[in-house]
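Remarks on the overall topology
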Amino acid sequence: MLTIKKMISEEIERILKGINADAGLDSGTVCSMLEYPPDEKMGDLALPCFKLSKVLRMAPVKIAASIAESFSCEAVDKAEALNGYFNIYLSGEYLAKKIAAEVAEKGDKYGAPTELGEGKTVVLDYSSPNVAKPFHIGHLGTTVIGHSLKKLHEFAGYKCVGINYLGDWGTQFGKLIVAYHKWGNAEAIEQGGVDALVELYVRINNAIAEDATLADEARAEFRKLEDGDEENIRLWKWFVDISLAEYQKTYKQLGIEFDSYKGESFYTDKMPAQVQKLRDMGLLKIDDGASIVDLEEYGMTPCLILKRDGSTLYPTRDIAAAVYRKETYDFDKMIYVTSAGQSLHFAQWFKVVELMGYEWYDKLVHVPYGTVSINGAKLATRTGNVILLRDLFAESIAKVAAIMDEKNPNLENKEKISEEVGVGAIVFYYLSNNRIRDINFMMEDALSFEGNTGPYVQYTYARTCSVLSKSPDYDKNAALTITSTDETSLLKTLSRFEEVVREAIAAYEPSVVTRYILDVAGAYNRFYHNCSILGAESEEIKNTRLVLTDAARTVLGNAFGLICLAKTEKI
């Protein structure tokens, strides 16, 4: 569609220069003004002429009429002026000739704006669970949004480095060490895994609520860990290994791999240099015994760098990590995907990085997302009020398996497909929402197999595969014969894919892709139901419809790859 928009814009530019050559209106400006009308009856594209009125010193209605009078473009079937809008109706034959051929030629690269990221590196920090805590529904956001952004940037030609910045350092380990010494059992923890660690964590927090001296013990144990105490380091490494084994199960289900698992602990020996730099620059101040950077003149509360006892905090580690990553990867962008509740934290230390004189401070990007609740109840690991992601996935997978037993009992690889569709249902539900919105996770909605859901779009993909498997000898290179508005509508939808990818990257918003997938699935299913494919009235029309089915399969598959959704050839 971008190529078609460019053709149309250049023709409109030619006409506008004839009206007023000095107006300075080029095709790029015109292209940015083209809109998709809310109703297809109003055209496939429209140019609102109201913004042109002041520049051209002409009424919008007259501008639209003047364009319509002289307009000519091979990609356009019809164009007309209406109430100050220039409405454009695209040619189905032209779309068939250009779009279907382009999809066939580019395949899994169709829609990829590779020039965006050519020669550029993006580092993405996402998922990053706190060690010794299980994956719950609250972790889903950073994990699937972050990985979708990675896939989007890779699709656009960027070199991407995915970092799982494990929360493997901090006072919580002091708490766990105290809890283990009081109530722990090595054999029970080996058997229970991360669940056993959570039990200890919840128990110690409950105990601290009754006896505040336990909090002092926990801080002392963490300080010993920072100072290199051998026993505490042994326990800490053990807790990390147990946790990683559990996390890998979830990542495998989601099809996610990371390039680095360097957590907070990795930067322990890299923080002193940054603290000293702050000191040398006169940015570090002592406030009630703590070391801070005063950000009052920037409208923010102080950024804490060291506690009273000299131990580090999140900003200290984040600054050290950013410096290391710039030196290691020389990134063009460093993206952090965390909850919106951390927005102030990132604004603070981003500003500190700027004040430290690091010229790449403006390459740091925080991508926030909203909170998740279950039926209105907030989540809290300390109290044990969590919905574990593995349990949510298991429930969804079991429901898919039950439906398949009923509708397609002889399906091969049923267990694998049940997992792909069950996990996909949860991921698609989450990514269907604008990332900044708070989500009240309703189990019935997430696991529904009707409407705008993951199973619906995966079934649509399987439908395209089924149609093509029944007539595999179609000719992708043959001239296409368009006989239905449903065929043209499908082509129009497929043509928008690159624009969707660009929009999703610019806004750091995977839901743009999710909504587009629903558009493609809807357009294909209307085409499928209204146009006989295998029983078409002629071989030419049958071949055309098979090529369109193949194009829909390709675009759906490419889009699925951008949101952690499996391509299910059979359901």
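Quick note: structure is the one above.
Throughout what follows, the structure given in this document is the object of discussion. None of the values given here were measured: they were computed from a predicted structure.

Focus: the nonpolar core
Side chains of nonpolar character tend, in soluble globular proteins, to be buried together. I8, L47 and I67 are the most contacted members of the largest nonpolar core, which totals 114 residues. The greatest single-element share of this core, amounting to 10 residues, is contributed by helix α21 (residues 511–530). Apart from residues no more than four positions distant in its own chain, I8 is found in contact with L34, L45, F71, C73, V76, I88 and L90.

Quick look at the sheet that holds strand β3 (residues 85–90)
Across the sheet, three strands lie side by side as β1-β3-β2; this open sheet has antiparallel pairing. Only two strands of the sheet have a single partner each, and these edge strands are β1 (45–48) and β2 (76–82). Taken over all neighbouring pairs, the strand axes of this sheet differ in orientation by 15° on average, direction set aside. With six bridges connecting them, β2 and β3 associate as antiparallel partners. Directly across from L82, in β3, lies its bridge partner Y85. Across the face of the sheet, helix α1 (residues 2–19) comes into contact with β1, β2 and β3 while running at roughly 135° to β3.

Considerations on helix α7 (residues 171–183)
Counted at 1.5 Å a residue, the expected span for α7 with its 13 residues is 18 Å, and the 18 Å between its end C-alpha atoms agrees. All of the buried residues along α7 are Q172, F173, G174, K175, L176, I177, V178, A179 and Y180.

A word on the packing of α21 against helix α22 (residues 539–560)
Packing of α21 against α22 brings their axes to within 10 Å, and their N-to-C directions diverge by 160°. Between α21 and α22, the angle is such that the two are roughly antiparallel. Where α21 crosses over α22, the two elements pack in a sense that is left-handed. The residues of α22 that touch α21, namely those facing V513, Y516, I517, V520, A521, Y524 and F527, are R545, L548, T549, A552, V555, L556, A559 and F560.

Description of the packing of aromatic side chains
One pass over the structure, following the stated rule, counts 30 aromatic pairs. Aromatic pair W169 and W236: ring centres 5.4 Å apart, planes at 85°, arrangement edge-to-face. In this pair, W169 sits in the loop between β5 (159–163) and α7 while W236 sits in helix α11 (residues 230–254), placing the two residues 67 residues apart along the sequence. Residue classification places W169 among the buried positions, given a relative accessible area of 5%. Their ring planes at 65° and their centres at 5.6 Å tell us that F258 and Y261 sit as a pair that is edge-to-face. Grouping aromatic residues by their ring pairs yields a cluster made of Y126, F135, Y247, Y251, F258 and Y261. Here the basic side chain of K270 rests over the ring of F266, its NZ or CZ set 4.1 Å away from the ring centre. Sitting over the face of the ring of F331, K326 holds its NZ or CZ atom 5.0 Å from the ring centroid.

About the thresholds
Residues numbered from 1 in each chain as written. Predicted model: local features only at pLDDT ≥ 70, side-chain atom pairs only at ≥ 80, totals over all residues. Heavy atoms only, no water. Core = buried A, V, L, I, M, F, W, Y, C linked by side-chain atoms within 4.5 Å. Buried < 20%, exposed > 50% of the residue type's maximum accessible area, 1.4 Å probe, protein only. Helix = DSSP H or I, 4+ residues; strand = E, 2+ residues; numbered from the N terminus. Contact = heavy atoms within 4.5 Å. Pairing = 2+ DSSP bridges. Axes fitted to C-alpha atoms, helices over the stretch in contact; angles between N-to-C directions. Expected span 1.5 Å × (residues − 1). Parallel < 35°, antiparallel > 145°, perpendicular 65-115°, else oblique. Left-handed = near helix turned anticlockwise from the far one by under 90°. Phe/Tyr/Trp six-rings, centres within 6.5 Å; stacked < 30°, edge-to-face > 60°. Lys NZ or Arg CZ within 6 Å of the ring centre and 35° of its normal.

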